[in-house]
Amino acid sequence: MAEKIPVVSPIPGVFYRRESPDKDVYVNEGDEVKEGDVIGLVEVMKNFHEVTSTESGVVVSFSVENEAIIEAGQKVAIIEPK
Amino acid sequence: MINVKEPGLMTTVQDNGRNGYYSFGMPPSGAMDKYSFIVANLLVGNDENAAVLEATYLGPTLEFDCETTIAVTGGEIPPKLNGEPFGLWKPVHVEKGDVLSFNFVKSGTRVYIAVAGGIDVPIKMGSRSTYTLCGIGGFEGRALQKGDLLKTGEASNPPASTEITLSEELIPKYGNRHEIRVIMGLCSYRLTEESKKKFFDIEWTVTPDANRVGYRFKGEPLEFVEREQPFGAGSDPSNVTDLGYPIGSIQIPAGIEPIALLNDAVTGGGYATIATIISIDLFKMGQIKSNDKVKFIEVSLDEAIEARKELNGKLDKVKETIKTVSIGG
């Protein structure tokens, strides 16, 4: 089995798992994602930056809670490539 | 021409700032970290106030369509040329077709990308700086977008030698904990003595609301001296009769979260400004990230002027290094 790959945020800020409060989460744990799929948003300086998966695979787990304050370079999710 | 392949999170054209219009309500904008900005220009042989790109947290991807010299300074957002890492604080020769990109931020917040000849955008009210809130200056008054084509000016000096290496003391280091020097006032008399002390005792945390307009801090609530509010002042104890806000002034709306006003901030209003960041430490503010810790340190005006002399001394050393290498080479 392939090695699990962390998805990291390049910027610090507030991590969101959904596009807006009334929308569903982008992905759930166990969902399949393709390379480039959005898995969350980071808000900083009133800007929203999309965090995308660098691999195609399955979202094993999220490493931070929705609305958690994160650091630049912090791991936000783990992907198991297919 | 420079082709913007990816804009980064917030990349704007900035120079020394739109100075002289503050009394009309126009903030100066301009590079947040002026030390890194000036050094970037000097390294490529530009006039020290030439327009550069300021990128925040996430660097842009830029393709050059002609040979030139560039320099990247500021926070450690490691630059790459055609995928190969290269050092900040050094002039670098680029060929036609070369692509500049960046790795994730390691320390600091903003990088400055200077190109020989400067970024050529129209001068608005004496400056090329972008003021995004009003949509003036810079490239069409906004942050860069994918597909933008940037012109560069004619280089006024021969390109700097790529042999230039600045000594360690001239290259700032940015950690996660910072000491920011302030001068008390204009309205520090509005805080209780206890809260004044608390303001300097607390290690404040920078919130995600931190941009070119201002930085908001989290810590503990502070209290204002009770009084009957004077005519013209709002009802909240943190209100005063409207006044001009010094650049770098710190206000605490409702005593909850202090806000430091920076280059793109409103120029006046009705909140008590309790302290003002000294101009040299405004440059440091430009390299502070969300989640970083800040302690404010009270200094006198004399100490502030001394700090400015010290920084100007460093800039003189940078100029000296460049001159020595250029003559030697």
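Keep in mind that this is a model prediction, so the values were computed, not measured.

What about the overall build of chain B?
Thinking step 1. A tally of regular secondary structure across chain B gives four helices and 21 strands.
Thinking step 2. For a compact globule of 329 residues, the expected C-alpha radius of gyration is about 20 Å, and chain B comes in at 21 Å, within 12% of that figure.
Thinking step 3. Overall size of chain B, expressed as C-alpha extent along the three principal axes, is 65 × 40 × 35 Å.
Thinking step 4. Buried positions account for 55% of the 329 residues belonging to chain B.

Overview of the interface of chain A and chain B
Thinking step 1. At the junction of the two partners, chain A supplies 17 residues and chain B supplies 14 residues.
Thinking step 2. Note on chain A versus chain B: buried area summed over both sides is about 1,300 Å², and carbon and sulfur give 74% of it.
Thinking step 3. When the buried area of chain A at its contact with chain B is split by residue, Pro10, Pro12 and Met45 of chain A rank highest and sum to 41% of it.
Thinking step 4. Linking chain A with chain B are zero salt bridges.
Thinking step 5. Along the contact surface separating chain A from chain B lie two residue pairs in polar contact (both at pLDDT 80 or more).
Thinking step 6. Every element with two or more residues in the side of chain A that touches chain B is listed here: strand S2 (13-16), strand S4 (38-44), strand S5 (47-52) and strand S7 (69-70) of chain A.
Thinking step 7. Grouping the constituent residues of the side of chain A that touches chain B by class yields 10 nonpolar, four polar and three charged.

Remarks on the sheet that holds strand S5 (residues 68-76) of chain B
Residues and elements named next belong to chain B.
Thinking step 1. The five strands are arranged S2-S3-S10-S5-S8 in an open sheet whose pairing can be described as antiparallel. Two strands in the sheet have a free side with no partner beyond their single neighbour: strand S2 (11-14) and strand S8 (91-94). Looking at each pair of strands side by side, their axes are set apart by 30 degrees on average, direction ignored.
Thinking step 2. Here S2 runs beside strand S3 (residues 52-56); their pairing, made up of four bridges, is antiparallel. Each bridged residue has a counterpart across the sheet, and for Val13 the counterpart in S3 is Leu53.
Thinking step 3. Set on the sheet, helix H1 (residues 34-43) makes contact with S2, S3, S5, S8 and strand S10 (107-115); between it and S5 the angle comes to about 160 degrees.

Rules used in this analysis
- Residues numbered from 1 in each chain as written.
- Chains lettered and ligands numbered in written order.
- Predicted model: local features only at pLDDT ≥ 70, side-chain atom pairs only at ≥ 80, totals over all residues.
- Heavy atoms only, no water.
- Helix = DSSP H or I, 4+ residues; strand = E, 2+ residues; numbered from the N terminus.
- Rg over C-alpha atoms; globule rule 2.2 N^0.38 Å.
- Buried < 20%, exposed > 50% of the residue type's maximum accessible area, 1.4 Å probe, protein only.
- Contact = heavy atoms within 4.5 Å.
- Buried area = accessible area lost by both parts, 1.4 Å probe.
- Salt bridge = Lys/Arg side-chain N within 4 Å of Asp/Glu carboxyl O.
- Polar contact = N/O pair within 3.5 Å; in protein donor to acceptor, adjacent residues only side chain to side chain.
- Nonpolar A, V, L, I, M, F, W, Y, C, P; charged D, E, K, R; others polar.
- Pairing = 2+ DSSP bridges.
- Axes fitted to C-alpha atoms, helices over the stretch in contact; angles between N-to-C directions.

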